[in-house]
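# Per-entry structural report
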Amino acid sequence: MSEKGTDRVKRGMAEMQKGGVIMDVVNAEQAKIAEAAGATAVMALERVPSDIRKEGGVARMADPRITEEVMNAVSIPVMAKARIGHITEARVLEAMGVDYIDESEVLTPADEEFHLLKNDYTVPFVCGCRNIGEAARRIGEGASMLRTKGEPGTGNIVEAVRHLRQVNGEVRKIVAMGEDELMTAARDLGASYEFLKEVKLLGRLPVVNFAAGGIATPADAALMMELGADGVFVGSGIFKSDQPERFARAIVEATAHYQDYELIAKLSKDLGPAMKGLEMATIGAADRMQERSW
Amino acid sequence: MMKIGVLALQGAVREHVAAIQAGGAEAVVVKKAAQLEELDGLVLPGGESTAMRRLIDCADLLEPLRAFADAGKPVFGTCAGLVLLAKEIEGQEAAHLGVMDITVARNSFGRQVDSFEADLDIEGIDEPFPAVFIRAPHIVRAGADVEVLCEYQGRIVLAKSGPFLGCSFHPELTGDHRLMQLFLDMIENRELLPTEAHYSKI
């Protein structure tokens, strides 16, 4: 008797990514660079977040041709993004055999009220969160992995830091709570009582939580690990830098050895300009991707 | 107390640390070659073997890890760890540590949607063992001195050879520590292991 698509298999896949770097790629050539640099997985998409931001328009699932070429180019897992609530994009990606789907606020949402019922799928999902309520709701729907939302495509780490500190701070508070305080916390946080009980019992989230949204340098990646991320996603940070191969390799090493500061100094030397980056105050409310999802 | 290291460059480190501690041994999170000296055994965890290999090279760990294995110190590899141990990898020119006389095929059960759980009958373990296979490899060739401990659907998924134990699946993802116990027992009874057969081939 064997069983596919169980929670253990779906969450376990994310456990194997821990301490690793998942890189956004838009073609097979970039995927090969990512794999050679030591990425634990690649995320296939049509445009990296900074280009989505710059060019505007509706951002959708990548052309299946791109995703297929990426899948054929590398032996590491291939993830791909689907729009929030877009059942058909998600089913198409599952049918193509991608290893993980990111139901992502980086793409233009297809549904402004409901997320996907991710429990229904054999393929596992990763979703963004800014706080424990969002984390609980996504896991409740069946997400097997979380990531901070940060503010994608900005090269600015400030929002990812905010979200990771928020989630981990809330976890610590829940762990310290008396059991009789959990129901009121559940009401206030928008998280289910059962979920909070599980967090309290485990002393952590029940799934892996990576950092994402604004990581642009080896030091950024190491900072997120220092703050308790299980690993990092790098979107625009690598292929929008001047030397993608070197950035990719340096970020992989800095993530694995995030407290080896001499090494990080060495890795960061002469890397050339990181992606230019955006100051949060210059981003209008409508362009804040982190506000998408509910 | 026995000291067991877990190679901690990437992957399911925390879970192996918990299993080692549950077995009454001390767990050491290994990131540098110098740490290998104090160890009685080493676990190569599940994760991504290509990423781990690159980090092994960056940290100048390949030769120290080989030396550790060649000295007859026990090493337990799970999933990616099995791939690291293997002498040959199907479709790839070079192996990684290349110390265990097996050939493995990577991702040989399919992609993530084909990942599965199954109960296994393991040689020397009484009750079925709950196994989690994630984009798992399997052993396509086992050398003469390799003892096959479990096959699933005609594929070798657990084997032992001298001081080396390797499996396709992830015992670290369940609360079942019997395989870790088997490894700890191997270390404790180390002088009884047929390591000479291994040495003679080097």
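The structure reproduced in this document is the subject of the present report. (Residues numbered from 1 in each chain as written. Chains lettered and ligands numbered in written order. Predicted model: local features only at pLDDT ≥ 70, side-chain atom pairs only at ≥ 80, totals over all residues. Heavy atoms only, no water.)

## As for the side chain of E141 of chain A
What counts here: Runs of H or I in DSSP of at least four residues are treated as helices and runs of E of at least two as strands, each being numbered from the N terminus. Only heavy atoms enter the contact rule, under which two residues are in contact if any of them lie within 4.5 Å.
Along the chain, the position of E141 of chain A falls in helix α6 (residues 132–141). Not counting the four nearest positions on each side in its chain, E141 of chain A is found in contact with H115, L116, L117, K118 and N119 of chain A.

## Here we look at the pattern of salt bridges
Residue and element names in this part refer to chain A. Heads up, the condition is: Here a salt bridge means any side-chain nitrogen of Lys or Arg lying within 4 Å of a carboxyl oxygen belonging to Asp or Glu. Each residue gets one of three labels from its accessible area relative to the maximum for its type: buried under 20%, exposed over 50%, partly exposed in between, using a 1.4 Å probe on protein chains only.
Under the counting rule described, the total for this entry stands at 35 salt bridges over all chains. For the salt bridge of E15 with K18, the shortest nitrogen-to-oxygen distance reads 2.7 Å. Here R91 ties to E94 by a salt bridge, and the two come within 2.8 Å at their closest N and O atoms. Linking R91 with E94, this pair stays in helix α5 (residues 87–96), spanning three residues, or about one helical turn. R91 sits in the partly exposed class, given a relative accessible area of 34%. Through salt bridges that share partners, R130, E134, K149, R288 and E291 make up one connected network.

## Things to note about the interface of chain A and chain B
One widely used convention gives an interface's size as the accessible area the parts lose upon coming together. Rules: Accessible area that two parts lose when put together, with a 1.4 Å probe and added across both, is what the buried area reports.
If you look at the interface, chain A gives 43 residues, while chain B gives 36 residues. Around 3100 Å² of area is buried between chain A and chain B when both sides are counted, 52% of it from carbon and sulfur atoms. The largest per-residue losses of area from chain A upon contact with chain B belong to R8, M16 and K18 of chain A, which jointly make up 23% of the total buried on that side. Between D99 of chain A and R135 of chain B there is a salt bridge; the shortest N-O distance is 3.0 Å.

## Some points on the sheet that holds strand β7 (residues 145–148) of chain A
All names here are of chain A. We count it as follows: Being paired, for any two strands, means DSSP has found at least two bridges between them. Orientation is described by axes fitted as lines to C-alpha atoms, over the contacting stretch for helices, and by angles from 0 to 180 degrees between their N-to-C directions.
Taken in spatial order, the eight strands make up an open sheet running β8-β7-β6-β5-β4-β3-β2-β9, and their pairing is parallel. Two strands lie at the open edges of the sheet, namely β8 (208–210) and β9 (232–234), each paired on one side alone. When strand polarity is set aside, the average angle formed by the axes of neighbouring strands in this sheet is 30°. Of the strand pairs in this sheet, strand β4 (residues 78–83) and strand β5 (residues 100–104) are connected by five bridges, and their pairing is parallel. By the bridge assignment, K81 is partnered in β5 with D102. Lying on the sheet, helix α1 (residues 7–15) is in contact with β5, β7 and β8; it crosses β5 at an angle near 85°.

## Examining the packing of aromatic side chains
Aromatic ring pairs are described here by two measures, namely the spacing of the ring centres and the angle between the planes. Operational definition: In this analysis, rings of Phe, Tyr and Trp, with Trp reduced to its six-membered ring, are considered paired at centre separations within 6.5 Å, and the interplanar angle assigns stacked below 30 degrees, edge-to-face beyond 60, and tilted for intermediate values. In this scheme, Lys NZ or Arg CZ marks a charge over a ring once it lies within 6 Å of the ring centre and within 35 degrees of the ring normal.
Within this structure, the stated rule accounts for ten aromatic pairs over all chains. Three or more aromatic residues joined by ring pairs make a cluster, and in this case those are F109, F116, F129, F133, Y152 and F169 of chain B. Taking the ring centre of Y121 of chain A as reference, the NZ or CZ of R91 of chain A above it sits at 3.7 Å. Between the NZ or CZ atom of R155 of chain B and the centre of the ring of F109 of chain B, over which it lies, the distance is 4.6 Å.

## Overview of the sheet that holds strand β7 (residues 116–120) of chain B
One open sheet accounts for three strands, arranged β1(A)-β7(B)-β8(B); its pairing is antiparallel. Among the strands making up the open sheet, the edge pair consists of β1 (2–4) of chain A together with β8 (129–133) of chain B. Strand-to-strand twist in this sheet, taken as the mean axis angle between neighbours without regard to direction, amounts to 20°. Bridge analysis of β1 of chain A against β7 of chain B gives three bridges, and the strand direction is antiparallel. Pairing of E3 of chain A across the sheet is with E117 of chain B, part of β7 of chain B.

## Some remarks on the environment of K54 of chain A
Structurally, K54 of chain A is set in helix α3 (residues 49–55). Sequence-wise, K54 of chain A and E245 of chain A are 191 residues apart; in three dimensions their C-alpha atoms are separated by 23 Å.

## Here's the deal with the environment of M1 of chain B
Residue and element names in this part refer to chain B. Within the secondary structure layout, M1 lies in the segment before β1 (3–7). What makes M1 exposed here is its relative accessible area of 76%. The spatial distance from the C-alpha of M1 to the C-alpha of D40 is 9.7 Å, given a sequence separation of 39 residues. When residues no more than four places from it in sequence are discounted, the contact partners of M1 are G24, A25, E26 and D40.

## Examining helix α8 (residues 182–189) of chain A
Residue and element names in this part refer to chain A. Inclusion rule: To obtain the arc, one takes the directions from the helix axis to the C-beta atoms.
The complete set of buried residues in α8 reads L182, A185 and A186. Considered in projection along α8, the buried side chains sweep an arc of 105° and stay on one side of the axis. Exposed and oriented more than 90 degrees from the buried face of α8 are R187 and D188. Taken together, the buried residues of α8 touch α7 (158–176) and α9 (193–202). Taken from the residues just after α8, G190 is the one with a positive phi, measuring 70°.

## Looking at the pairing of strand β12 (residues 164–167) of chain B
Residue and element names in this part refer to chain B. Neither face of β12 is open: one carries F164 and G166, the other L165 and C167, and all of them are buried. Bridge count between strand β11 (residues 155–161) and β12: four bridges; the pairing is antiparallel. Its bridge partner being in β12, L158 is matched across the sheet by C167. As consecutive antiparallel partners, β11 and β12 are separated by two residues, and within that stretch G162 has a phi angle of approximately 55°, a positive value.

## Describing helix α12 (residues 244–256) of chain A
Short version of the rule: Expected span of a helix, by definition, is 1.5 Å for each gap between consecutive residues, and there is one gap fewer than residues.
Its 13 residues give α12 of chain A an end-to-end C-alpha distance of 18 Å, which sits within 8% of 18 Å, the value for a rise of 1.5 Å per residue. Here α12 of chain A has its buried residues at F247, A248, A250, I251, V252, E253, A254, T255 and A256 of chain A.

## Section: the packing of helix α2 (residues 28–37) of chain A against α12 of chain A
All names here are of chain A. The following threshold applies: For a crossing to be left-handed, the near helix must be turned anticlockwise from the far one by less than a right angle; the clockwise case is right-handed. When residues are grouped by polarity, Ala, Val, Leu, Ile, Met, Phe, Trp, Tyr, Cys and Pro land in nonpolar, Asp, Glu, Lys and Arg in charged, and all others, Gly among them, in polar.
Between α2 and α12, the least distance of the axes is 9 Å, while the angle of their chain directions is 35°. When the axes of α2 and α12 are compared, the crossing they make is right-handed. Facing α2, whose interface residues are I33, A36 and A37, α12 presents E245, A248, R249 and V252. Residue composition of the contact of α2 with α12, grouped by class: five nonpolar, no polar and two charged.

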